[in-house]
Amino acid sequence: MAQSWHDVLFAHWSLPAESLRPLIPQGLDLDLFQGQAWLGVVPFRMTGVRPRLVPALPWLSSFPELNVRTYVVAEGKPGVWFFSLDAGNPLAVTMARAWFHLPYYLARMQVCQEENWISYTSRRTHDGSTPAEFQGRYRPMGEPFRAARGTLEYFLTERYCLYTSREKQRLGRRRDSSRTLAAATR
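Parameters and conventions
Residues numbered from 1 in each chain as written. Predicted model: local features only at pLDDT ≥ 70, side-chain atom pairs only at ≥ 80, totals over all residues. Heavy atoms only, no water. Helix = DSSP H or I, 4+ residues; strand = E, 2+ residues; numbered from the N terminus. Buried < 20%, exposed > 50% of the residue type's maximum accessible area, 1.4 Å probe, protein only. Contact = heavy atoms within 4.5 Å. Areas by Shrake-Rupley, 256 points an atom, 1.4 Å probe, with all protein chains shown as cover. Phe/Tyr/Trp six-rings, centres within 6.5 Å; stacked < 30°, edge-to-face > 60°. Lys NZ or Arg CZ within 6 Å of the ring centre and 35° of its normal. Salt bridge = Lys/Arg side-chain N within 4 Å of Asp/Glu carboxyl O. Polar contact = N/O pair within 3.5 Å; in protein donor to acceptor, adjacent residues only side chain to side chain. Pairing = 2+ DSSP bridges. Patch = residues over 30% accessible without salt bridge, like charges linked within 9 Å, V, L, I, M, F, W, Y side chains within 5 Å.

1. Considering the overall build of the protein chain
Part 1 of the argument: Each helix and strand counted, the protein chain has five helices and eleven strands in total.
Part 2 of the argument: Taking all 186 residues of the protein chain together, the buried fraction comes to 41%.
Part 3 of the argument: Taking as baseline every contact in the protein chain between residues at least 6 positions apart, the subset at least 24 positions apart corresponds to 53%.
Part 4 of the argument: By element, 52% of the accessible surface of the protein chain is carried by carbon and sulfur atoms, the whole surface being about 11200 Å².

What follows is the structure, given as structure tokens:
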């Protein structure tokens, strides 16, 4: 897949590992930073979402997304485990649920830029899902930088693998090009 991320906020909270461990499927281990597990809430806008070498379709390829995630490792490979991914595009949600077996949910979402601030709202509307809402206002607090290996910033953002599972099937791993995702996290 190819995609670009815009107006990204990486909001994180450290948690005791034992509070998240029961929520992680067998075959994955929590990836800890200095003994702590991390829960992330990541709102952003995506553009150019498409399979590689396929042109972007305006009505399908651009939409807001909000994901709730933690950090895991399997066989030495660090990655992301998504608890939920809310998106504002019904077709994208349907396709992602079917093809990638990820917990995508349809949501009513709005992203607005007001001066240097991003205002972001999301309200889950997916039939039969647990209600969820997010409202935030954020802005850059410094100059862009590249996170150094070994830092918390690197641990939380430089992930190029996601894990998913299907009931009664083995754990799956999806890997994206580090070049594409590195550009998306800047």
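Still to come is the rest of the account.
2. Overview of the packing of aromatic side chains
Part 1 of the argument: A full pass over the atoms with the stated rule returns four aromatic pairs.
Part 2 of the argument: With 5.4 Å between their ring centres and 50° between their planes, Phe33 and Phe155 make a pair best called tilted. Of this pair, Phe33 sits in the loop between strand 3 (29-30) and strand 4 (37-50) while Phe155 sits in helix 4 (residues 152-157), and the two are 122 residues apart along the sequence.
Part 3 of the argument: Through a chain of ring-to-ring contacts, three or more aromatic side chains come together here, namely Phe33, Tyr71 and Phe155.
Part 4 of the argument: In this structure, Arg137 is placed above the aromatic ring of Trp117, and the distance from its NZ or CZ to the ring centre is 4.2 Å.
Part 5 of the argument: Above the plane of the ring of Phe155 lies Arg159, whose end atom (NZ or CZ) is 4.5 Å from the centre.

3. Side note on the pattern of salt bridges
Part 1 of the argument: As enumerated under the stated definition, the model contains four salt bridges in all.
Part 2 of the argument: As a salt-bridge pair, Asp7 and Arg45 come within 2.8 Å of each other at their nearest N and O atoms. Highlighted residues: Asp7 in the loop between strand 1 (2-6) and strand 2 (11-15) and Arg45 in strand 4, separated in sequence by 38 residues.
Part 3 of the argument: Its relative accessible area of 22% is what places Asp7 among the partly exposed residues.
Part 4 of the argument: Note that Asp86 and Arg124 form a salt bridge whose closest N and O atoms lie 3.0 Å from each other. Placement of the pair is Asp86 in strand 6 (residues 77-87) and Arg124 in strand 8 (residues 117-124), with a sequence separation of 38 residues.
Part 5 of the argument: According to the relative accessible area criterion, Asp86 is buried, its value standing at 2%.
Part 6 of the argument: Given a relative accessible area of 13%, Arg124 falls into the buried group.

4. Focus: the environment of Trp59
Part 1 of the argument: Looking at the secondary structure, you find Trp59 in helix 2 (residues 58-61).
Part 2 of the argument: Sequence separation between Trp59 and Leu91 is 32 residues; the distance between their C-alpha atoms is 9.2 Å.
Part 3 of the argument: In this structure Trp59 touches Asn89 and Leu91, once residues within four positions along its chain are discounted.

5. Digging into the side chain of Ser129
Part 1 of the argument: The residue Ser129 is located in the loop between strand 8 and strand 9 (133-138) in this model.
Part 2 of the argument: There is a polar contact of 2.8 Å between the side chain of Ser129 and the backbone oxygen of His126.

6. Focus on the pairing of strand 10 (residues 161-164)
Part 1 of the argument: Side chains Cys161 and Tyr163 project from strand 10 onto one buried face, and the interleaved Leu162 and Thr164 project onto a second face that is buried too.
Part 2 of the argument: As defined by bridge partners, strand 6 adjoins strand 10 across two bridges and the pair is classed as parallel. Bridge pairing in strand 10 links Val80 to Leu162.

7. Some words on the environment of Val8
Part 1 of the argument: Mapped onto the secondary structure, Val8 falls in the loop between strand 1 and strand 2.
Part 2 of the argument: Once the C-alpha coordinates of Val8 and Arg45 are considered, the two residues, 37 residues apart in sequence, prove to be 7.2 Å apart.

8. A closer look at a nonpolar patch on the surface
Part 1 of the argument: Among the surface-exposed residues, Leu57, Trp59 and Leu91 lie close enough to one another that they form a single nonpolar patch of about 310 Å² accessible area.
Part 2 of the argument: Structurally, Leu91 is set in helix 3 (residues 90-100).

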